[in-house]
Amino acid sequence: MKISKTKIYEKIADIILEQIKSGEYAVGDKLPSIQALSKEYGVSVASVREAFNALRTIGVIEIKQGYGTFVTKQEPVFFNLEETSLTHRQVEELLELRAIVELATVKKAAAHSTADDLAEMEAALKMMERAVTDGTSGEAADLKFHLAIAKAAQNSMLFDLMNNISDVIQETMRETRKVYLFNKQKTLKRLYDEHLKIFHALINKDAEAAEAYMSAHLEEVQQTILQNINKSPIQ
């Protein structure tokens, strides 16, 4: 079966995921090699590798160097609280805290950001953009972007507050981005575009627009998290 050129790795990942869900590949089974799948689908080795990256990110396969790639779950599980350090209530509180802190922070950043601050944000955006095409989730770049905004607010206590909760923020970012990897409406490209709008507002020193775009972004993240966390056992 040959595949068209658009969003190649996503199409390959979708096909393999459906084969796993249907039982064609059971938990514990070894998948064909990257080279074999490349030949079967008529695509590059890189595209298959990116598809494997995406499937590994959502936890359905494990890549063992020197041994091959194995199925670990039949269905992806998002926001499994048993596998995180957070309770359901703590996730809700974190989302509330982010809204309070980051809306104030982005307004200050619009007024006080320097060329160096903007360069740091742009570097994070470039890392985030790569995640759209290489099958990885990009949560490290996401966190880097938000911390750069906090730094640009020129308030050391605000930055320290964001930095102190950065581990749990990154944990929720990672789970959020798993959803975006395999959702037709919520894509990583859409998530990247939300950050780009915030960045452009900061370049233009438009505090009102920066706050509005950050608010829309955080509302979208909250909705995504709470919709999916409720599918996990509540703690």
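Each chain has its residues counted from 1, following the order in which its sequence is written. Side-chain atom pairs in this predicted model are given and counted only at pLDDT of 80 or more, local residue features only at pLDDT of at least 70, and totals for whole chains, interfaces and linings cover all residues. Here the side-chain values reflect all heavy atoms present in the structure, with hydrogen atoms and water set aside.

**Here we look at the pairing of strand S2 (residues 68–71)**
Part 1 of the reasoning: A one-sided burial pattern is seen for S2, the buried positions being Thr-69 and Val-71 and the unburied ones Gly-68 and Phe-70.
Part 2 of the reasoning: Any two strands between which DSSP finds at least two bridges are classified as paired. Starting at the N terminus, helices and strands are each numbered in turn, a helix being any DSSP run of H or I of at least four residues and a strand any DSSP run of E of at least two. In this sheet, S2 lies alongside strand S1 (residues 61–64) in antiparallel orientation, the contact comprising four bridges. Paired with Ile-61 across the strands is Val-71, a residue of S2.
Part 3 of the reasoning: What sits between the antiparallel neighbours S1 and S2 is a turn of three residues, in which Gly-66 has the positive phi angle 90 degrees. Remark: exposure states derive from per-residue accessible area (1.4 Å probe, protein chains only) relative to the maximum for the residue type, with buried under 20%, exposed over 50%, and partly exposed in between.

**Some remarks on helix H8 (residues 166–181)**
Part 1 of the reasoning: Each residue after the first adds 1.5 Å to the expected span of a helix. Here H8 spans 22 Å end to end across 16 residues, near enough to the 22 Å set by a 1.5 Å rise per residue.
Part 2 of the reasoning: By the criterion of burial, H8 is predominantly enclosed, with twelve of the 16 residues buried.
Part 3 of the reasoning: Three or more residues of H8 are buried, namely Ser-166, Ile-169, Glu-171, Thr-172, Met-173, Glu-175, Thr-176, Arg-177, Lys-178, Val-179, Tyr-180 and Leu-181.

**Considering the side chain of Thr-172**
Part 1 of the reasoning: By the element assignment, Thr-172 lies in helix H8.
Part 2 of the reasoning: A distance of 2.8 Å separates a polar side-chain atom of Thr-172 from the backbone oxygen of Ile-169. In the analysis that follows, any N or O atom pair within 3.5 Å is treated as a polar contact, provided that within protein one partner can donate a hydrogen and the other can accept it, and provided that, for residues neighboring in sequence, both atoms belong to side chains.

**Some thoughts on the packing of H8 against helix H9 (residues 188–203)**
Part 1 of the reasoning: In this analysis, axes come from line fits to C-alpha atoms, helices being fitted only over the stretch in contact, and the angle between any two N-to-C directions falls in the range 0 to 180 degrees. The contact between H8 and H9 brings their axes to 8 Å, and the two run at 125 degrees. In terms of orientation, H8 and H9 fall into the oblique class. Touching Arg-177, Tyr-180 and Leu-181 of H8 are Leu-188, Leu-191 and His-195, all from H9.
Part 2 of the reasoning: Ten residue types, Ala, Val, Leu, Ile, Met, Phe, Trp, Tyr, Cys and Pro, are classed as nonpolar, four, Asp, Glu, Lys and Arg, as charged, and the remainder, Gly among them, as polar. Across the contact of H8 with H9, the residue classes break down as four nonpolar, one polar and one charged. Should an angle fall under 35 degrees it is called roughly parallel, over 145 degrees roughly antiparallel, and 65 to 115 degrees roughly perpendicular, with every other angle called oblique. It only takes one pair of heavy atoms within 4.5 Å for two residues to be counted as in contact.

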